[in-house]
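Survey of secondary and tertiary structure
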Amino acid sequence: MPSIHGSEVKQVIIACDAGMGSSVMVASTMRAKLAKYGVEVIHSPVDEIPVEASVVLCHAGLAARAQSTAPNAVVMPFQVFMGDPAFVKLEKAISDGETLES
Amino acid sequence: MSLPDAQVNKNREDTGIGAQVQRVGRFLSGMIMPNIGAFIAWGLITALFIPTGWVPNENLAELVGPMIVYLLPLLIGYTGGRMVHGQRGAVIGAIATVGVIVGAEVPMFLGAMLIGPLAAWVLKQVDTAIDGKVKPGFEMLIDNFTLGIIGAGIAILGKLTIGPVVSWFVDRAGNGVDFLVENGLLPLTSIFVEPAKVLFLNNAINHGVLSPLGVEQASNTGKSILFMVETNPGPGLGILLAFWLFGPRLVRATVPGAIVIHFFGGIHEIYFPYILMKPKMIIAAIAGGMTGLFVGVLMNNGLVAPPSPGSIFAYLTFTPPGGHIGMLLQVTLAAAVSFAVGAALLKFGRGEKAELTEEDVAAERAGAVS
């Protein structure tokens with residue numbers, strides 16, 4: 001089970017099927033939220049997540065593909081594209097230093 | 001986190017086949033989607049300057065042919081090759097694509113999607129086989145000549161055999177589409193397309209299958225209704241409106257923002273979670289999609305280029321002159337029907353178990369945290 005401490009998160013990958021639509025939208029909202037912690041947010045097609053990725057956010061329907069592309073990353077699935085608890089959980093883990101798990 | 005973990009593992013097993021299907025679809029759509037900007041450039045020039053366009057201009061319309069015959073298939077073959085074998089794969093994919101372009105009489109989108117990755121795969125096998133066996137100093141010579149020789153061979157093969165075969169196949173596929181349209185069967189595709197969309201096969205279906213067939217058709221007739229099968233923003237709009245007025249109280253607040261992103265931004269993914277939350281709502285999506293296609297077939301609607309993303313602005317841009325009333329009816333009636341069906345479904349659900357609905361959503365959202 002990949003896990004990471006919130007204080008070690010330097011980069012978050014937002015993934016969707018094509019890496020052009022919904023991931024870009026979620027990335028721009030997350031970027032605004034995480035910029036103050038010095039965390040970089042980038043978007044990517046789910047099959048092209050970089051191997052060195054540590055934290056990946058993607059829709060639950062794509063989580064299996066994300067995990068197999070990046071087996072060492074903590075994959076955090078979300079259900080809705082706006083106001084999902086996963087977004088809050090990630091920000092909280094980074095700000096309060098909690099541990100995240102796949 | 002014991003329970004959510006178990007749930008995630010279960011979900012992963014369940015999506016095993018789904019993930020495979022998504023991957024195949026992603027491979028097909030992945031050749032098209034990075035090149036959509038080029039489709040839009042071609043679509044704008046076509047919509048403006050062809051004889052039936054907004055400002056017919058014979059001189060500028062000369063751009064249309066080379067763009068659809070050479071530029072777009074070459075970009076697809078190049079991208080398909082790159083997906084298999086990086087930059088070398090991209091180059092040989094483009095070389096091979098020229099073979100099928102010249103060997104066929106119709107624009108070779110499907111041919112490019114086939115031969116681009118295939119040529120790259122062949123080169124990859126050869127590169128792997130000779131890896132480490134080349135004498136130092138001869139790497140560049142060998143690299144360039146293996147690519148050149150295999151590329152030339154596959155281009156010839158494409159010209160002589162694959163191009164004509166794919167050409168024949170595209171003709172049959174085109175006839176199949178015509179058959180569906182002429183017999184009024186096209187609306188039935190919604191029964192398959194709408195559920196597949198929500199399972200994140202939207203790009204696979206649209207750009208993997210419908211866009212290439214649509215471009216072939218549009219290059220003959222100036223427009224295609226295949227561009228409107230998956231991309232109609234109407235059904236999603238109706239569903240979101242139904243959720244806004246009749247959905248679980250907890251999610252209603254998020255709906256107006258979702259409507260803007262869906263209908264104007266064209267990111268359809270935003271409404272999928274609402275359907276996944278209440279799966280019976282897929283019936284509303286199917287009803288809306290079928291209505292839209294029924295109106296579209298009836299009014300002989302079509303778009304000149306793939307509207308991507310599926311925003312109302314892309315629809316307005318790529319509707320040919322004189323087609324706007326039909327297009328707006330298609331979108332509006334699709335939205336109205338999916339709203340009506342969706343509203344009825346949500347209301348029935350509440351009548352049965354008014355207390356449970358919000359807890360259901362809360363539970364699902366809790367599950368999402370895992």
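To keep things clear, this report deals only with the structure shown in the data block. Since this is a predicted model, take the numbers as computed values, not measurements.

Moving on, we get to the overall build of chain B. Along chain B, the regular secondary structure elements total 15 helices and zero strands. Taking the intrachain contacts of chain B between residues at least 6 apart in sequence as the baseline, contacts between residues at least 24 apart amount to 75%. Per element, the accessible surface of chain B, about 16,500 Å² overall, is 70% carbon and sulfur.

Another point: the sheet that holds strand β4 (residues 55-59) of chain A. All names here are of chain A. Ordered in space as β3-β2-β4-β5, the four strands form an open sheet in which the pairing is parallel. A strand with exactly one partner marks an edge of an open sheet, and here the two such strands are β3 (40-45) and β5 (74-78). Across the sheet, the mean angle separating the axes of adjacent strands is 25 degrees when strand polarity is ignored. Direction of pairing for strand β2 (residues 11-16) relative to β3: parallel, over a ladder of six bridges. Within β3, the position partnered with C16 by the bridge is P45. The strands that helix α3 (residues 85-96) touches are β2, β4 and β5; relative to β5, the one it contacts most, it runs at about 145 degrees.

Let us now look at the pairing of β2(A). Residues and elements named next belong to chain A. Counting buried residues along β2, five of its six residues qualify, which places the element largely inside the surrounding structure. Following the backbone out of β2, through helix α1 (residues 22-34) and into the adjacent parallel β3, one traces a crossover that is right-handed. Pairing of β2 with β4 involves four bridges; the strand directions are parallel. Paired with A15 across the strands is C58, a residue of β4.

Right, let's get into the interface of chain B and chain A. At the interface, 29 residues of chain B touch 31 residues of chain A. In total, about 2,600 Å² of surface goes out of reach between chain B and chain A, with carbon and sulfur atoms giving 62% of it. If you look at where chain B meets chain A, you find two salt bridges. A salt bridge links B:R26 to A:E48; the shortest N-O distance between them is 3.6 Å. Looking at the side of chain B that touches chain A, the elements that each hand over two or more residues are α1 (2-32), α7 (190-221), α10 (255-264), α11 (272-277) and α15 (356-369) of chain B.

Turning next to the nonpolar core. Counting residues in each nonpolar core, the largest one holds 125 residues, and the members touching the most others are A:V12, A:M30, A:I49, A:V56, A:L57, A:L90 and B:W42. Top element by residues in this core is α7(B). It accounts for 11 residues. For this core, the two domains that each supply at least three residues are domain 1 (59-183) and domain 2 (186-370) of chain B.

For helix α12 (residues 282-298) of chain B, with 17 residues, the first-to-last C-alpha span of 24 Å sits near the 24 Å given by 1.5 Å per residue. A positive phi of about 55 degrees marks B:N300, the residue just after α12(B).

The final tally for this structure, using the stated rule, is eight salt bridges over all chains. Here A:K92 makes a salt bridge to A:D96, at a shortest N to O gap of 3.8 Å. In this pair, A:K92 and A:D96 both sit in helix α3, four residues apart, roughly one turn of the helix. A residue is classified by how much of its surface remains accessible, and A:D96, at 48% relative accessible area, is partly exposed. A:K92 is the partner of A:E98 in a salt bridge, and the nearest nitrogen-oxygen pair spans 2.8 Å. Overlapping salt bridges bring together A:D17, A:D47, A:R65 and B:R23 as one network.

Before going further, it helps to examine a nonpolar patch on the surface. Residues and elements named next belong to chain B. Residues F294, L298, M299, I325, L329 and L333 make up a contiguous nonpolar surface patch of roughly 600 Å² in combined accessible area. At the level of secondary structure, the elements contributing two or more residues to the nonpolar patch comprise α12 and α14 (324-352). With three residues, the single largest contributor to the nonpolar patch is α14.

Moving on, we come to the packing of α7(B) against α12(B). The packing of two helices is summarised by the inter-axis angle and the distance between the axes. Residue and element names in this part refer to chain B. Contact pair α7 / α12: the axes reach a minimum separation of 9 Å and the direction vectors enclose 130 degrees. With respect to their mutual orientation, α7 and α12 come out oblique. Crossing handedness for the pair α7 and α12: right-handed. From α7, S190, I191, E194, P195 and V198 reach across to α12, where they touch I282, A285, I286, G289, M290 and L293.

A few words on the packing of helix α8 (residues 233-246) of chain B against α10(B). Residues and elements named next belong to chain B. Following both chains from N to C, one finds α8 and α10 inclined at 175 degrees, their axes separated by 10 Å at the closest point. Looking at the two axes, α8 sits roughly antiparallel to α10. Side by side, α8 and α10 meet where P233, G236, L237, L240, L241, F243 and W244 of the first sit next to V255, P256, A258, I259, H262 and F263 of the second. For the contact of α8 with α10, the residue count by class is 11 nonpolar, two polar and no charged.

Right, let's get into the packing of aromatic side chains. All names here are of chain B. Enumeration over the complete set of coordinates arrives at nine aromatic pairs over all chains. Taken together, a centroid distance of 6.0 Å and an interplanar angle of 40 degrees make the contact between F39 and F109 tilted. Residue F39 is located in helix α2 (residues 36-49), and its partner F109 is located in helix α5 (residues 109-130); the two are separated by 70 residues in the primary sequence. With respect to burial, F39 and F109 carry one shared label: buried. With 5.1 Å between their ring centres and 85 degrees between their planes, Y271 and F272 make a pair best called edge-to-face. According to the relative accessible area criterion, Y271 is buried, its value standing at 0%.

Residues and elements named next belong to chain B. Tracing the sequence through the fold places W244 in helix α8. Note on W244: relative accessible area 40%, which makes it partly exposed. Beyond its immediate sequence surroundings of up to four residues, W244 is in contact with R252, V255 and P256.

Reading the values: the criteria
- Residues numbered from 1 in each chain as written.
- Chains lettered and ligands numbered in written order.
- Predicted model: local features only at pLDDT ≥ 70, side-chain atom pairs only at ≥ 80, totals over all residues.
- Heavy atoms only, no water.
- Helix = DSSP H or I, 4+ residues; strand = E, 2+ residues; numbered from the N terminus.
- Contact = heavy atoms within 4.5 Å.
- Areas by Shrake-Rupley, 256 points an atom, 1.4 Å probe, with all protein chains shown as cover.
- Pairing = 2+ DSSP bridges.
- Axes fitted to C-alpha atoms, helices over the stretch in contact; angles between N-to-C directions.
- Buried < 20%, exposed > 50% of the residue type's maximum accessible area, 1.4 Å probe, protein only.
- Right-handed = clockwise from strand over helix to strand, strands pointing away.
- Buried area = accessible area lost by both parts, 1.4 Å probe.
- Salt bridge = Lys/Arg side-chain N within 4 Å of Asp/Glu carboxyl O.
- Core = buried A, V, L, I, M, F, W, Y, C linked by side-chain atoms within 4.5 Å.
- Domains from an automatic or database assignment.
- Expected span 1.5 Å × (residues − 1).
- Patch = residues over 30% accessible without salt bridge, like charges linked within 9 Å, V, L, I, M, F, W, Y side chains within 5 Å.
- Parallel < 35°, antiparallel > 145°, perpendicular 65-115°, else oblique.
- Left-handed = near helix turned anticlockwise from the far one by under 90°.
- Nonpolar A, V, L, I, M, F, W, Y, C, P; charged D, E, K, R; others polar.
- Phe/Tyr/Trp six-rings, centres within 6.5 Å; stacked < 30°, edge-to-face > 60°.

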